[in-house]
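Here is how the chains run, residue by residue.
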Amino acid sequence: MNDTIDPALLRGLTQRRISRRQALTYAGIGISALSMSSLIAACGVPGTGRRSSPSATAIDFSKIYGDGKVAGLLEIASWEDYIDVDASGKSPTIQAFAAANKITVNYNTVVADNASFLKKNLLPDLDAGKPCPYDLIIVTNGGPIEQLLRSGYLTPLDHKYLPTFLANCDPALRNLVYDPGNVYTVTWQSGFTGIAYNSKYITTPPTSFGDLLNPAYDKRVGMFGNNQDLPCPALAYLGKDIQTATPDDWKQAADLLAKQRDDGLVNKYFDQGYIKALEAGDIWITQAWSGDAFIGSAPADIGGDGHPEIKFVLPKEGGIYWHD
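Residues numbered from 1 in each chain as written. Predicted model: local features only at pLDDT ≥ 70, side-chain atom pairs only at ≥ 80, totals over all residues. Heavy atoms only, no water.

Draft legend 1. Molecular detail of the overall build of the protein. Across its full length, the protein carries twelve helices and eleven strands. In the protein, 76% of the contacts between residues at least 6 apart in sequence involve partners at least 24 apart. Of the roughly 16,200 Å² of accessible surface on the protein, a fraction of 55% belongs to carbon and sulfur atoms. (Helix = DSSP H or I, 4+ residues; strand = E, 2+ residues; numbered from the N terminus. Contact = heavy atoms within 4.5 Å. Areas by Shrake-Rupley, 256 points an atom, 1.4 Å probe, with all protein chains shown as cover.)

Okay, here's the thing in structure tokens:
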């Protein structure tokens, strides 16, 4: 393995990404109702936080972590299928970590969707002054993490207790725009949203998001059904900067996607299942997460699906680089 590859990115490139984002479903916005307002509400407009978070330089870590003595219990809130699990249903990584630190670790798979987790499982109790039931939570960059940062509820991290992160993390992930200096967050897994295709049916490799708009692939196109992976590549295809896109930019992306839908090109708007559909030939080309495509194409004897005809490309406009 190349020692220069960031471990978080390696996970994102080689592991499945199960049920990461379902904003359209949980918000009750069907793809038939795709519009400028639904996209802007989910992706483009910053909200107002309840209170400001403290600056890193003003933090007295001794009041938070004391002398650094390890506590006896760690509660983690995460997603299904987002860590190694053996035949007994237990995680060797969690078991080894718990044994090494002589603590109990509860790995709670309570996050089925970023927005619904915050709205139903986390923020109501915190807003009511109740203690948080979790020590660590795994959510996605963009709206979910920014909402938590604005809330002022996150506990700052003392990086003297995170030597492995500092030694191995890609420098680009140490100063992200939403959390400069990683005051409150570290990246667990990163990867790309790009394009996967079945080379049995498509012999000329796609090069652009525009290939998902090709009439030759009538009813053979797969698209994501969430408010980040669906519109952001369309924005990039239109030459827009996703970070600074205006409401009019979002409207143009919505119009482009609505036309693709109305032209009948889309077989289905997926959360999961798109790789299986691609392997079966139900779809020929689709939006895809890098790790899913890797597993789909990898040999069965190393845990893959054994479909070498599944290929993954980053469109020339650029892939969407995500972090959980």
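There is more to say after this.
Draft legend 2. Structural view of the packing of helix α1 (residues 7-14) against helix α12 (residues 290-297). It is the contact of α1 with α12, at a shortest axis distance of 5 Å, that shows an interaxial angle of 55 degrees. With respect to α12, the axis of α1 lies oblique. For the pair α1 and α12, contact is made by Gly12, Leu13 and Thr14 and by Ser290, Gly291, Phe294 and Ile295, respectively. A breakdown of the residues in the contact of α1 with α12 according to their chemical character gives three nonpolar, four polar and no charged. (Axes fitted to C-alpha atoms, helices over the stretch in contact; angles between N-to-C directions. Parallel < 35°, antiparallel > 145°, perpendicular 65-115°, else oblique. Nonpolar A, V, L, I, M, F, W, Y, C, P; charged D, E, K, R; others polar.)

Draft legend 3. Focus on the sheet that holds strand β3 (residues 136-137). The parallel open sheet is built from three strands, whose spatial order is β2-β1-β3. Both outer strands of the open sheet, β2 (104-108) and β3, are each paired with one neighbouring strand and no more. Bridge count between strand β1 (residues 73-77) and β3: two bridges; the pairing is parallel. Note on β3: the bridge partner recorded for Ile76 is Leu136. (Pairing = 2+ DSSP bridges.)

Draft legend 4. Seen up close, the packing of helix α6 (residues 114-127) against helix α7 (residues 143-151). Look at α6 against α7: their axes get within 9 Å of each other, and the N-to-C directions meet at 30 degrees. As far as their axial angle goes, α7 and α6 are roughly parallel. Crossing handedness for the pair α6 and α7: right-handed. Across the interface between the two elements, Asn114, Leu118, Leu122 and Leu123 of α6 pack against Pro144, Gln147 and Leu148 of α7. (Left-handed = near helix turned anticlockwise from the far one by under 90°.)

Draft legend 5. Region of interest: the pattern of salt bridges. Enumeration according to the criterion identifies seven salt bridges in this entry. Ionic pairing is found between Asp249 and Lys240, a salt bridge with its closest N-O pair at 3.3 Å. Looking at Asp249, the relative accessible area reads 12%, which means it is buried. Between Glu279 and Lys276 there is a salt bridge whose closest N-O contact spans 3.9 Å. Taken as a pair, Glu279 and Lys276 lie in helix α11 (residues 274-280) at a separation of three residues, close to a single helical turn. (Salt bridge = Lys/Arg side-chain N within 4 Å of Asp/Glu carboxyl O. Buried < 20%, exposed > 50% of the residue type's maximum accessible area, 1.4 Å probe, protein only.)

Draft legend 6. Local environment of the nonpolar core. Formed by 36 residues in total, the largest nonpolar core has its most connected members in Phe117, Leu118, Leu122, Ile145, Leu148, Tyr274 and Ile283. Looking at which element gives the most residues to this core, the answer is α6, with five residues. Ile145 has contacts with Val139, Thr140, Leu154, Tyr178 and Thr185, leaving out every residue within four places of it along the chain. If you look at the next biggest cluster of nonpolar residues, it comprises 25 residues, including Ile195, Leu256, Leu257 and Val266. (Core = buried A, V, L, I, M, F, W, Y, C linked by side-chain atoms within 4.5 Å.)

Draft legend 7. Layout of unusual backbone geometry. Even without a glycine there, the phi angle at Lys102 is positive, about 55 degrees. The backbone of Lys219 sits at a positive phi, close to 65 degrees, despite the residue not being glycine. In this fold, Lys219 is placed in the loop between β6 (190-198) and β7 (221-224).

Draft legend 8. Representation of the packing of aromatic side chains in the model. Under the defined criterion, the tally for this structure stands at ten aromatic pairs. The interplanar angle of 0 degrees and the centroid separation of 5.4 Å between the aromatic rings of Tyr201 and Trp284 together place this pair among those described as stacked. One end of the pair, Tyr201, is in the loop between β6 and β7; the other, Trp284, is in the loop between α11 and β9 (285-289), with 83 residues separating them in the sequence. Among the aromatic residues, those joined into a ring-pair cluster are Phe224, Phe270, Tyr274 and Trp289. (Phe/Tyr/Trp six-rings, centres within 6.5 Å; stacked < 30°, edge-to-face > 60°.)

Draft legend 9. The arrangement of the side chain of Ser290 in detail. Residue position: Ser290 is located in helix α12. Once residues within four sequence positions are removed from consideration, Ser290 is found in contact with Gly12, Leu13, Gly191, Phe192 and Phe312.

Draft legend 10. Region of the structure containing the confidence of the model for the protein. Residue-level pLDDT values for the protein average 82, and 85% of them are 70 or greater. Low pLDDT (under 50) marks residues 19-54, which in the prediction has 86 contacts with non-local residues, meaning those over four places away or in another chain. (pLDDT = per-residue confidence, 0-100.)

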